[in-house]
Amino acid sequence: MRVLIVVESSFGNTRLVAQAVADQLRQDGAEVELVDASSAGPHLDGADLVLAGAPTHNLGLPTPASRASAVDRGAPPVPSGLREWIGTVEASSTPVLTFATRVPGRFSGSASNAAAKLLRRRGLSAQQGTDFVVAGTTGPLTEGETDRARAWAASLRG
């Protein structure tokens, strides 16, 4: 199984989730490519599964304005992210699952939900995967979330 993981991360928490997922998939025998959304190409050919992840900003996917706000809070600059990558993705029958990091609470929104909707609008077979919880805007991941990311990855092989 070949898995492409495309990730945007502001403070490193979404990247930690993506790395835990990639490590588990590799341990389970998958061939995994983990790339930043800002450098990901538009072609999904060759992948059996695509995982797309981003932090939740303002109830959805990051925007240039929300990324600038993250930089003001100490995040490194990100030239473009998952939203922009989705805008370039070419039609493909490869299934896409989304994931995100978000703060706790019922009204925190979900970048994974927003990403799945945008991907479906572009004609891709996309479903919302799961969200992982960070303790606050800058993180860290809450206790047990990397273990939960590994368990989610293991379930994808099954």
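Data block above holds the structure.
A brief report on the enclosed structure follows.

Each value, and the rule that gives it
- Residues numbered from 1 in each chain as written.
- Predicted model: local features only at pLDDT ≥ 70, side-chain atom pairs only at ≥ 80, totals over all residues.
- Heavy atoms only, no water.
- Helix = DSSP H or I, 4+ residues; strand = E, 2+ residues; numbered from the N terminus.
- Buried < 20%, exposed > 50% of the residue type's maximum accessible area, 1.4 Å probe, protein only.
- Contact = heavy atoms within 4.5 Å.
- Areas by Shrake-Rupley, 256 points an atom, 1.4 Å probe, with all protein chains shown as cover.
- 1 Å grid on protein atoms, 1.4 Å probe; cavity = no way out; pocket = protein on both sides within 12 Å on 5 of 7 lines; lining within 4 Å.
- Points joined across faces, edges and corners; volume = space filled by probe spheres on them.
- Nonpolar A, V, L, I, M, F, W, Y, C, P; charged D, E, K, R; others polar.

Looking only at helices and strands, the protein chain has five helices and five strands in total. When its helices and strands are written in sequence order, the protein chain yields β-α-β-β-α-α-β-α-β-α. Taken along the three principal axes of its C-alpha coordinates, the protein chain extends 40 × 30 × 25 Å. Relative to its full complement of 158 residues, the protein chain shows a buried share of 49%. Partitioning the intrachain contacts of the protein chain with sequence separation of at least 6 by distance along the chain shows that 74% fall at a separation of at least 24. Of the roughly 7,400 Å² of accessible surface on the protein chain, a fraction of 49% belongs to carbon and sulfur atoms.

All right, on to the layout of surface pockets then. A volume near 410 Å³ is recorded for the largest pocket. Contributing to the lining of the largest pocket are 22 residues, with Thr56, His57, Asn58, Arg73 and Thr137 lying nearest its centre. Every element with two or more residues in the lining of the largest pocket is listed here: helix 1 (13-27), helix 2 (64-72) and strand 4 (96-102). When residues in the lining of the largest pocket are grouped by element, the largest group, three residues, is from helix 2. Among the residues forming the lining of the largest pocket, the class breakdown is six nonpolar, 14 polar and two charged. By volume, the second largest pocket is sized at about 190 Å³. Surrounding the second largest pocket, 14 residues form its lining, Arg2, Leu4, Glu33, His43 and Ala47 being those nearest its centre. Counting residues per element, the lining of the second largest pocket draws most heavily on strand 2 (residues 31-36), which supplies four residues. Along the lines of polarity and charge, the residues of the lining of the second largest pocket split into seven nonpolar, three polar and four charged.

Within the secondary structure, Thr101 is located in strand 4. Using a relative accessible area of 4% as the deciding quantity, one classes Thr101 as buried. When sequence neighbours within four positions are dropped, the list of residues in contact with Thr101 reads Asn13, Thr14, Val17, Ala54, Pro55, Thr56, Phe132, Val134 and Leu141.

Attention now moves to empty space enclosed by the protein. As enumerated under the stated definition, the model contains one cavity of 30 Å³ or more in all. Volume-wise, the largest cavity comes out at about 30 Å³. Ser10, Arg67, Ala70, Val71, Ala75, Pro76, Pro77 and Val78 are the residues that line the largest cavity. Here the lining of the largest cavity is composed, by residue class, of six nonpolar, one polar and one charged.

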